[in-house]
Amino acid sequence: MDFANRITRLPRPFEPDHGAEISARFPELSGDLAALIEGAAGCSPYLRALMQQEAEWLPGALADPEAARDAVFATLRGVPGGGTSLAAVLRQAKRRIALLAGLADLAGVWPLEDVTGTLTRLADLACDAAMKDTVGTEIRRGKLPGASEDDIATCGGMVTLAMGKMGAGELNYSSDIDLICLFDETRFEPDDFHEARASFVRATRRMTALLSDRTEDGYVFRTDLRLRPDPSVTPVCMAMATAETYYESLGRTWERAAYIKARPAAGDLAAGERFLEVLTPFVWRRHLDFAAIEDAHNMRLRIRAHKGLGGAIDLDGHNMKLGRGGIREIEFFTQTRQIIAGGRDADLRVRGTLDGLARLAAKGWVPEEAAEALTDHYRFHREVEHRLQMLRDSQTHDLPKSSEEWDRLAAFMGRETDDLRDELNTRLNAVHEMIEHFFDPERDSAPRPSDPDEIADLPQEVIARWPSYPALRSARAVEIFRRLRPDILSRLAATSNPSEALVAFDGFLSGLPAGVQVFSLFEANPHLIDLLIDIVGTAPELASYLSRNATVFDAVIVGDFFAPWPEPAALQAALAATLAAESDYEARLDAARRWRREWHFRVGVHHLRGLITGAEAGAHYADLADAILTALWPEVTRQFAVKHGPPPGRGAVVLGMGSLGARRLNAGSDLDLIVIYDADGAEESDGPRPLATRPYYARLTQALITALTAPMAQGRLYEVDMRLRPSGNQGPVATAWPSFRDYQSNEAWVWEHLALTRARVITGDEGLGRDVEAFRRDLLARPQDREKVLQEVAEMRARIRAAKAPVGPLDAKLGRGRMQEIELIGQAGTLLAGSAEQRTEAGLRAGVAIGWLSDADEAALTSAYALCSKLLQAARLLGDKPLDPAELGAGAEQFVLRETEQPDTAALLKTLEDMTEKAGQAIDAALALTPEKE
């Protein structure tokens, strides 16, 4: 498109004579184009020189700037190697792109992204041409072992990583380029390694000379290779394996931040992408990395001290890049936020500063208004930076010191000097305040109590133990905790029972294996301290779990932690996406454990804080188990099929039994499962190591059990109980579909049909799942010998009573008229009524419908079951044993009373005793009656 019609701003000529002289050389240009040439040449000696050198080319380029740019790039892509001629071509390309980009920037024809993108593309192509030339020379001379002319296209396995602004596509007008040169050592025999490395080192040195040496035609780019690992002792081109080892063992936070912007720019791009993929765990940590805030803050302070930029903002000579409120501040802010959260959210892994701010705002990590303000400031800062550098092609970021140069800069920007200074001062201070608050949020806050120990009257002997704990063995952890400690102690002192809360917090602190990450998380997110105090004051067992699994706090920081519970399909999709991001089977099993742990914690916190009821918590825990089984079953099947082939026949289904089938799990539930397979006439699998169908499915089922129960780096998922399968522990671990039908129809005990009332197909072959559910419904609808059912239910009740006595008065599960007995009656009602409903309450209603239970019986049983259910959900969140009234802490007691809607523990005990006694009487009466025939 024509340049002139897109001009939105113009510089004023600071030196009118120079401007008029250059403008006169282009009589074919008029109007705004002539004014642009005059203004640019009248301010910038550098642009003036470029216009003189490219006088023949410039008018045509301005007619269609994009086409002119693309033609320059095409020349670089097609240039042959050849020393002097290549050097001249590269320098001519630099002149033309610098002139075109400068004028397009001054006139507002190209936005910032187009200007920096054009400069970056020039750097990419120049590096690639120079690399192919110098590596090609090594190959043609026979100095690169085993390489031929065909390897020149990939530079023999060498790649240049663009770092910093070049990596992000953000090169400034007179930028040097930060490069890391690597080679793929796997392309060479071990004996050829040193010769290959020497060849690549020579090529790298010649490449940098080709780009940065000043000739009569100028230079292309100043190059800096010092971002490579340990540059004082390492060669300028390193083996990828050597670099990987360095980063894995010695890499620092600033190097992680640097690799956010890293991008393969020249040479073997595929090898470069593989290298960056390998470094992903180094750059992007799985947990939220709030320790990076302090690292970045300390780096800022070191840069300020080293450059002497620590004072207040003074516009004269102020550094727009490194000074207070400058470009680097915005980049540090953005990169630090990306490092914190990018390990969990791949959408944040973008290279550009403006892209990063937009993504952070979209994901809730930065307030939208803050991101918009920083974006606006960043664009303005970069515009000023470009003008400073365009004046004389100097790598400067310093604002003028003399009034004359201030007037030149203002004219170059089409501004009045005083207005420009005022805006710069306002913007620099605004950025400084925003960024300083992020890195040092307590700077302006009210002082915290310096010594809350005495005012809280907390047990000093507990506090005295803290320095000996593993979490406080590093100096950095001690320093961060020193800042946190007054706030933590003050919050503990404000609890209803400070001493008890302190002891519980002590249990959390003593169990932490390390402190820096957790303490940094708390420092950056003070509301997490409130949550922790809630937990330690209410559920010490959960606090102990947190000390071993502190990364679950990450989930609280993510914006949707307190959002409503998602639909099961959305939950399953989230887990599927998590697993898809992992590269191998074991990594996916660990990822499933991390995912389940965070969501499980979320359910517990919601329940603890009263955001959901115990019944809702039970359904949510079941949703989690469903999601895990739905995601892992195909993963296990695929992994098993690698050796033994895909499942023969129709495949298999996984049935949830018991509380899982009824969708009423609690925080400590294991999973009752049955696996049913249909070989459909197949005798064995088809794979490298085929198996007959029965051992195939038995071993596949065992693989599923192992996937769920194996203690891995991220713990285990669930304990699994398979005893509800046909013939219990004596039967095969996986049951053939014909055998299952035959057994349930002709051999099953009454208790097995009772168990089937709560069976639910969770995952597996959809067709087989429909058949299993249809059979279950048909079986349960068949007429029953009612007296036999009631007799066996009565005997089962007696056996349970004899085998397991209740543990204390608050045992919600065991005992007369409590959960296990009521569930037995509900299953009996379901079976006798021929119903297929899985929940206990539905079974009790079915018992009323057939005249077995009275309305009063149902009311007594339902009320007792509801109270026991609430009590059990609360108890399992607080620990793995029934509650003991004598040992309940104040916070735990308040939680239990809130959940059960009782005023005090005495009232709870009395209500529980009364309700369960009425339920027991109803059960006694029900088991003595025979239901009337319909």
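To be clear, the structure that these remarks concern was listed above.
Throughout what follows, the structure given in this document is the object of discussion.

### A closer look at the overall build of the protein chain
Then, number 1: Helix and strand counts for the protein chain come out as 41 helices and 10 strands.
Then, number 2: Considering only C-alpha atoms, the protein chain reaches an extent of 115 × 75 × 55 Å along its principal axes.
Then, number 3: Relative to its full complement of 934 residues, the protein chain shows a buried share of 57%.
Then, number 4: Long-range contacts, defined here as pairs at least 24 residues apart, represent 74% of the contacts in the protein chain between residues at least 6 apart.
Then, number 5: Element-wise, carbon and sulfur atoms account for 50% of the exposed surface of the protein chain, whose accessible area totals about 38400 Å².

### Quick word on helix α15 (residues 327-342)
Then, number 1: Between its terminal C-alpha atoms α15 stretches 22 Å, which fits the 22 Å expected from 16 residues at 1.5 Å a residue.
Then, number 2: With 15 of 16 residues buried, α15 is to be regarded as a mostly interior element.

### Points about a negative patch on the surface
Then, number 1: A surface patch of negative charge is lined by Glu404, Asp407, Glu416, Asp418, Asp419 and Asp422.
Then, number 2: It is helix α19 (residues 417-439) that provides the largest number of residues to the negative patch, a total of three residues.

### Quick look at the nonpolar core
Then, number 1: Counting residues in hydrophobic clusters, the biggest one holds 136 residues, and the most contacted among them are Trp466, Phe505, Phe508 and Phe519.
Then, number 2: A total of 13 residues in this core trace back to one element, the largest contributor, which is helix α30 (residues 614-644).

### Quick look at helix α1 (residues 16-23)
Then, number 1: All of the buried residues in α1 are Gly19, Ile22 and Ser23. Viewed along the axis of α1, the buried residues span an arc of 100 degrees, placing them on a single side of the element.
Then, number 2: Residues of α1 that are buried make contact with α2 (31-43) and α3 (45-53).

### Comments concerning the pattern of salt bridges
Then, number 1: Across all of its chains, the model carries 59 salt bridges by this definition.
Then, number 2: Where Glu383 meets Arg9, a salt bridge forms, and the shortest distance between an N and an O atom there is 3.8 Å. Pair noted here: Glu383 is in helix α17 (residues 368-392) and Arg9 is in the segment before α1, with a separation of 374 residues, a long-range link.
Then, number 3: Accessibility expressed as a relative area gives 32% for Arg9, which makes it partly exposed.
Then, number 4: Across the pair Arg760 and Asp626 runs a salt bridge whose closest N-O atoms are separated by 2.8 Å. A residue pair is termed long-range when its members are at least 10 positions apart, and Arg760 in strand β10 (residues 760-764) and Asp626 in helix α30 qualify at 134 residues. Here the two residues Arg760 and Asp626 agree in accessibility, since each one is buried.
Then, number 5: Salt bridges here are not isolated pairs; linked through shared partners, they connect Arg797, Arg801, Arg816, Glu821, Glu917 and Asp924.

Cut-offs used in this document
Residues numbered from 1 in each chain as written. Predicted model: local features only at pLDDT ≥ 70, side-chain atom pairs only at ≥ 80, totals over all residues. Heavy atoms only, no water. Helix = DSSP H or I, 4+ residues; strand = E, 2+ residues; numbered from the N terminus. Buried < 20%, exposed > 50% of the residue type's maximum accessible area, 1.4 Å probe, protein only. Contact = heavy atoms within 4.5 Å. Areas by Shrake-Rupley, 256 points an atom, 1.4 Å probe, with all protein chains shown as cover. Expected span 1.5 Å × (residues − 1). Patch = residues over 30% accessible without salt bridge, like charges linked within 9 Å, V, L, I, M, F, W, Y side chains within 5 Å. Salt bridge = Lys/Arg side-chain N within 4 Å of Asp/Glu carboxyl O. Lys, Arg positive; Asp, Glu negative; His and termini not counted. Charge placed at Lys NZ, Arg CZ, Asp CG, Glu CD. Core = buried A, V, L, I, M, F, W, Y, C linked by side-chain atoms within 4.5 Å. Arc of directions from axis to C-beta.

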